[in-house]
Amino acid sequence: MSTARPIRVSDPGTFPLRRVLREDGRGVLKSAAQEHLPGRDKLLEIYRAMLTTRVLDQRLLKLQRQGRVAFVGLATGQEAAIHGSGAVFEPQDWVFSALREGGIALQRGMPMAEYIAHMFGNAEDSAKGRQMPNHFQCRAVNFPSWSSVLGTQLPHAVGAAAAMQRRGEPHVCAAYSGDGATSSNGFHSALNMAAVMRAPVVFVVIDNGWAISVPSSKQTAAASYGTKARAYGMPGVDVDGNDALASYQAVAEAAARARDRGGPTLVCLRSYRIGGHSSSDDPTRYRDDGEVEHWEKRDPIQRMQAYLKSTGLYQEADCEHWQSDIEAAVSAAVRHAAEVGPPPLESLAEDVYAEPPLHLRRQVVEALRIAAEKGAADAVAGEFPL
Amino acid sequence: MSELTMVQAVNDGLKSIMREDDTVLLMGEDVGPKGGVFLATEGLTAEFGEERCFDTPLSEDGIVGVGIGLALNGMKPVCEIQFQDFIFPAFDQIVSEAAKMRYRSGGQYTVPMVVRTPYGGGIRGGLYHSQSGEAYFAHTPGLKVVIPSTPYDAKGLLISSILDPDPVLFMEPKALYRAFREEVPEGVYTVDLSTVREVVPGDAAVIYCWGAMVPVATEAARRIKETRQQDVRVVDLRTLMPLDEDAVLQAARECGRVVVLQEAPRFCGYASEISALLAEHAVESLEAPVRRVTGFDTPFPNTLENYYLPDARRVMDAVEQVLDF
Ligand SMILES: Cc1ncc(C[n+]2csc(CCOP(=O)(O)OP(=O)(O)O)c2C)c(N)n1
Ligand SMILES: [Mg+2]
């Protein structure tokens, strides 16, 4: 039934993408624009955040395989898009994330212990173990959680940005989504309303080529996701999302426009999902190994490392140690999280409303009575399929 | 005959009817080469081609809306919504359009469409991969709501739903997808869309239930038998709309003591409808107040999922209360 021409083949050059870094990372392209490039501190922040995300992916996947966390959404291969763009946003900006951008919360200062507590869903999880893993939030760094229902966070970003606009604040909202979510109702409503309201939003689509098993060729018949901006009346740009500098630059330009009351922008960062959709997906069922190999050779971390080395920054900042530092921090957080118990049974009925209504209080009393008389509930047997 | 799990029976049901009726089409997210996230549509694109089993963009509203158009014009679409939790973008199409098409056109236009969707907890899926939304849909005139609890019923009820002239929401209890196997006949067969199924005989009390709660009720009945030597009947309602009201009333009259068990939150849930039915038409036969065992009136939690979900413990507690009233 699908007659759309595939827009994603192994070669990322089929549609012109904005680039800054050379493919091998050793320097910037002569043709690259000079404005809005990350400075020394930003470059190091981005690299460290990229490494952190890679380390977390590897560690959490192991924990998932051991049955200690139920689910992990991996970001391997997308680190440049995630953290290059994430570095643009100021502390008072808000970031609305999707499945794979939790690392941006850490980049903005969320403590590692809190991040890991959420993955375990234990009593120290700020969301009290209510959400599945990989639905991070951190109020202190203006990072609300996404739900799971794709695209729903995008209009929220428009509304939060409109509040900033109404108060005359110079802040912006980042609104992340995947390529698949561009087909959601939320994407359409958000882009349309943001443009009409000239809301200070930067829409960042991280196009990793796949929505679970559905390739971009079946997601849209448009030539690229960035070109969709035109129909909404806002600027749009397609960027090499494995190029951290280009990702930063395009998003910084969009954020500056939004701060200058120039309204929203759509930035599509084209990258690739190296792993399965999640810890439980087997991507060999639906995609070619060759495609994966092609992208593995374009690892964004290697590329960024090569760049930092070519500028001398890598040596100067002693980056060689970072990997083991991060691993140690993650291990400490995991050790701690494993010792924290689940949230108490009473917490079930908290936060449904500001005050639990009578019927809900009665339900909790009943649950506590049954637990006292008849013991603990049966364990849940099933596994998450995806 | 072969021994199939429920998800295999769903697959077999789809395959069997697609072989006989080439107007049956499957569409949804990941239903193609991957075969669906639960593998319910595994092998169907390979057998029937992309024209008849195809991946759609990530748009539930589009999946159901396009499904309605196909159904208006001679096809029998089976739309998959990957998790029932993601059906709400399509709520408008289901409730305003599919359910009302026959009525608003005076019977001139109809929507013989099935929306299949896995629902319910038990897989550590948290708020948005666990919900049981049957009440929203059973509340909608014009829509049928079917929930199997065994592989045999899953296949027979699914085929009946596909052949039914009205839109059917077919909710599959994902916790039971691979819970057990059962003999399932080959080829096409149907299970009537307005009958209940007696799962366990008994007359000391009756538990009404559906979907993933059926094995929970069965286990509670077994434990009651063990501890109190009383026989508790278990009745699987399986077609929530239309409901076999007479069978429900008759079981209540024969047993006199009733528990209604559902996974969904309590307030305005389907169990409340059963309670009301009994209060209106069987109160003279009841020897104890009807008790509901349900999920809590909260969103679906993650870590505390096992406390949220009714288990045999909680069902036994309620059955003991109606027996000892
Ligand atoms: C409304 C909705 N429909 C379906 C799903 C199931 N689902 C979870 S992730 C996913 C694919 C998402 O693809 P994309 O937006 O490209 O993000 P990616 O996972 O590739 O980062 C789907 C279909 C969902 N979570 N929400
Ligand atoms: Mg994607």
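None of the values given here were measured: they were computed from a predicted structure.

The rules behind each value
- Counting starts from 1 at the beginning of each chain's written sequence and moves along it residue by residue.
- Chain letters and ligand numbers both follow the written order, the letters beginning at A and the numbers at 1.
- In view of the model being predicted, local features appear only for residues whose pLDDT reaches at least 70, and side-chain atom pairs are presented and counted only at 80 or more, with totals across whole chains, interfaces and linings using the full set of residues.
- For the side-chain quantities, the full set of heavy atoms in the structure was used; hydrogens and water were omitted.
- Under the scheme used here, helices are H or I runs from DSSP no shorter than 4 residues and strands are E runs no shorter than 2 residues, and both carry numbers assigned from the N terminus.
- Just to be clear, the radius of gyration here is over C-alpha atoms, and the globule rule we use is 2.2 Å times residues to the power 0.38.
- Exposed residues in this analysis have more than 50% of their type's maximum accessible area, buried residues have under 20%, and partly exposed residues fall in between, with area computed by a 1.4 Å probe over protein chains only.
- In what follows, residue pairs with any heavy atoms lying within 4.5 Å of each other are defined as contacts.
- We get accessible surface area from the Shrake-Rupley algorithm with a probe of 1.4 Å; when it comes to residues, only the shown protein chains can shield them.
- Asp and Glu count as negative and Lys and Arg as positive, but His and the ends of the chain are not part of the count.
- To locate a charge, the coordinates of NZ of Lys, CZ of Arg, CG of Asp or CD of Glu are taken.
- A 1.4 Å probe that fits but cannot get out identifies a cavity on a 1 Å grid over protein atoms alone, an open set with protein on both sides within 12 Å along at least five of seven lines counts as a pocket, and a residue lines either if it has an atom within 4 Å of a point.
- Grid points are joined across faces, edges and corners, and a volume is the space filled by probe spheres set on the points.
- Two parts placed together each lose some accessible area under a 1.4 Å probe, and adding up what both lose gives the buried area.
- Whenever a carboxyl oxygen of Asp or Glu lies within 4 Å of a side-chain nitrogen of Lys or Arg, that contact is scored as a salt bridge.
- Nitrogen and oxygen atoms within 3.5 Å of one another constitute a polar contact, given that in protein one can donate a hydrogen and the other can accept it, and given that sequence-neighbouring residues count only through two side-chain atoms.
- Working definition: a ring pair exists when centres of Phe, Tyr or Trp rings (six-membered ring for Trp) sit within 6.5 Å. Plane angles under 30 degrees give stacked, over 60 give edge-to-face, the rest tilted.
- Charges are assigned to positions over rings by a cutoff of 6 Å between ring centre and Lys NZ or Arg CZ, combined with an angular limit of 35 degrees from the ring normal.
- Only Asp, Glu, Lys and Arg are considered charged in this grouping, and only Ala, Val, Leu, Ile, Met, Phe, Trp, Tyr, Cys and Pro are considered nonpolar; every other residue, Gly among them, is considered polar.
- As a rule, the C-alpha atoms of each element are fitted with a line to give its axis, helices using only the stretch in contact, and angles between N-to-C directions run from 0 to 180 degrees.
- Crossing chirality is assigned from the near helix's rotation relative to the far helix, an anticlockwise turn below a right angle marking it left-handed and a clockwise turn marking it right-handed.
- Any residue with a heavy atom lying within 4 Å of a molecule or strand is counted as near it.
- A pair of strands is treated as paired once DSSP finds two or more bridges between them.
- Note that the domain bounds reflect an automated or database-derived domain assignment.

A. Broad picture of the overall build of chain B. From N to C terminus, chain B includes 12 helices and 14 strands. Taken over C-alpha atoms, the radius of gyration comes to 19 Å for chain B, in line with the 20 Å a tight globule of 325 residues would show. With the C-alpha coordinates of chain B rotated into their principal frame, the extents come out at 60 × 40 × 40 Å. Counting only residues that meet the buried cut, chain B has 64% of its 325 residues in that class. Expressed as a percentage of contacts within chain B between residues at least 6 apart in sequence, the contacts between residues at least 24 apart total 82%. Summed over all atoms, the accessible surface of chain B reaches about 11300 Å², with 51% contributed by carbon and sulfur. Chain B carries 29 positive and 48 negative side-chain charges, and their two centres are separated by 3 Å.

B. Inspection of empty space enclosed by the protein at higher detail. Residues and elements named next belong to chain A. Under the counting rule described, the total for this entry stands at 5 cavities of 30 Å³ or more. The space that makes up the largest cavity amounts to roughly 110 Å³. Along the wall of the largest cavity there are 15 residues; nearest its centre are D57, G73, A75, Y115 and N134. Listed by contribution, the elements that provide at least two residues to the lining of the largest cavity are helix 1 (40-65) and helix 3 (102-107). At 4 residues, the largest contribution of residues to the lining of the largest cavity is made by helix 1.

C. Geometry of the interface of chain A and chain B. The interface is formed by 60 residues belonging to chain A together with 53 residues belonging to chain B. Summed over both sides, the interface of chain A with chain B buries roughly 4700 Å², with 60% coming from carbon and sulfur. Our count for the contact surface shared by chain A and chain B stands at 7 salt bridges. Between chain A and chain B we count 18 residue pairs in polar contact (both at pLDDT 80 or more) in total. For the side of chain A that touches chain B, the secondary structure elements donating two or more residues are helix 7 (216-219) and helix 14 (358-374) of chain A. Examining the composition of the side of chain A that touches chain B, we find that 10 residues originate from one element, helix 14 of chain A, more than from any other.

D. The packing of aromatic side chains, seen in detail. For the structure on display, the rule yields 19 aromatic pairs over all chains. With 6.1 Å between their ring centres and 5° between their planes, F384(A) and F83(B) make a pair best called stacked. A residue pair is termed interchain when its members come from two chains, as with F384(A) in the segment after helix 14 and F83(B) in the loop between strand 4 (76-80) and helix 4 (91-97). Across this residue pair, the class does not change: F384(A) and F83(B) are buried. Relative to Y177(B), the ring of F38(B) lies with its centre 5.0 Å away and its plane at 55°, an arrangement referred to as tilted. Note that F38(B) is positioned in the loop between strand 2 (24-28) and helix 2 (44-48) and Y177(B) in the loop between strand 7 (168-173) and strand 8 (182-184), a separation of 139 residues in sequence. Among the aromatic residues, those joined into a cluster by ring pairs are F71(A), F384(A), F38(B), F83(B), F86(B) and Y177(B). Lying across the ring of Y314(A), K309(A) places its NZ or CZ 4.7 Å from the centre.

E. Molecular detail of the layout of surface pockets. Considered as a void within the structure, the largest pocket measures approximately 1000 Å³ in volume. Forming the boundary of the largest pocket are 44 residues, of which A381(A), G382(A), E383(A), G122(B) and A175(B) lie nearest the centre. When residues of the lining of the largest pocket are traced back to their parent elements, those giving at least two are helix 1 of chain A together with helix 8 (213-228) of chain B. The leading source of residues in the lining of the largest pocket is helix 8 of chain B, at 5 residues. Of the residues belonging to the lining of the largest pocket, the class tally is 22 nonpolar, 8 polar and 14 charged.

F. Structural context of the packing of helix 1 (residues 6-20) of chain B against helix 7 (residues 151-163) of chain B. Residue and element names in this part refer to chain B. Here helix 1 crosses helix 7 at 35°, and the two axes come no closer than 8 Å. The handedness of the crossing between helix 1 and helix 7 comes out as right-handed. Residues M6, A9, V10, D12, G13, L14, S16 and I17 of helix 1 pack against P151, A154, K155, L158, I159, I162 and L163 of helix 7. Of the residues that constitute the contact of helix 1 with helix 7, the class distribution is 11 nonpolar, 2 polar and 2 charged.

G. Local environment of the site of ligand 1. Close contacts around ligand 1 come from 18 residues, with R100(A), S148(A), G180(A), W210(A) and E60(B) the closest. Around ligand 1, the neighbouring residues derive from chains A and B rather than from a single chain. Contacts to ligand 1 include D179(A), whose side-chain N or O atom sits 3.1 Å from an oxygen atom. At 2.8 Å from an oxygen atom of ligand 1 is found a main-chain nitrogen or oxygen belonging to W210(A). Protein chains shield 94% of the accessible area of ligand 1, which is 580 Å² for the free molecule. Of the residues assigned to the shell around ligand 1, the class counts are 8 nonpolar, 6 polar and 4 charged.

H. Quick look at the pairing of strand 4 of chain B. All names here are of chain B. Strand 4 sits mainly inside the fold: 4 of its 5 residues count as buried. As judged from the 5 bridges shared by strand 2 and strand 4, these two strands associate in the parallel manner. Looking at the pairing, G28 lines up with E80 of strand 4. The pairing of strand 4 with strand 5 (residues 114-119) spans 3 bridges and is parallel. From the neighbouring strand, C79 faces strand 5, where its bridge partner is V115.

I. Focus on the sheet that holds strand 3 (residues 201-207) of chain A. All names here are of chain A. Pairing is parallel across the open sheet formed by 5 strands, whose spatial order is 1-2-3-7-6. Taken across any chain shown, the strands that pair with only one partner, and hence form the sheet edges, are strand 1 (94-96) and strand 6 (236-240). Here the strands of the sheet are splayed against their neighbours by 20° on average, with no regard to which way each runs. Where strand 1 lies against strand 2 (residues 173-178), 3 bridges are found, and the strand directions are parallel. Bridge assignment links W94 to a residue of strand 2, and that residue is C173. Relative to the sheet, helix 5 (residues 153-166) contacts strand 1, strand 2 and strand 3, its axis offset from that of strand 2 by approximately 170°. Docked against the sheet, helix 6 (residues 185-197) engages strand 2, strand 3 and strand 7 (265-270), running at close to 145° with respect to strand 3.

J. Up close: unusual backbone geometry. Of note, the amide linkage connecting M241(B) to P242(B) takes the cis form, showing an omega dihedral of 0°. Structurally, the position occupied by P242(B) is in the loop between strand 12 (239-241) and helix 9 (245-255). Even without being a glycine, N142(A) presents a positive backbone phi close to 55°. Positionally, N142(A) belongs in the loop between helix 4 (112-120) and helix 5. A relative accessible area of 19% means that N142(A) is categorised as buried. You will see that L39(B), though not glycine, has its phi angle at about 70°, which is positive. Checked against the element boundaries, L39(B) lands in the loop between strand 2 and helix 2.

K. Region of interest: the domain arrangement of chain B. Residues and elements named next belong to chain B. Along its sequence, chain B is carved into domain 1 (2-184) and domain 2 (197-323). Relative placement of domain 1 and domain 2: their C-alpha centres are 26 Å apart. Each partner contributes residues to the interface: domain 1 has 27 residues there, and domain 2 has 23 residues. Roughly 1800 Å² is buried in total at the junction of domain 1 and domain 2, and carbon and sulfur atoms are behind 59% of that figure. Looking at the side of domain 1 facing domain 2, the largest losses of area belong to E134, I147 and S149, adding up to 21% of the total buried there. There are 2 salt bridges connecting domain 1 and domain 2. Between R238 and D153 there is a salt bridge, and its shortest N-O distance comes to 2.9 Å. Our enumeration of links across domain 1 and domain 2 arrives at 13 residue pairs in polar contact (both at pLDDT 80 or more). Listing elements by their share of the side of domain 1 that touches domain 2, those giving two or more residues are helix 6 (134-138), strand 6 (144-146) and helix 7. Residues of the side of domain 1 that touches domain 2, tallied by class, amount to 14 nonpolar, 9 polar and 4 charged.

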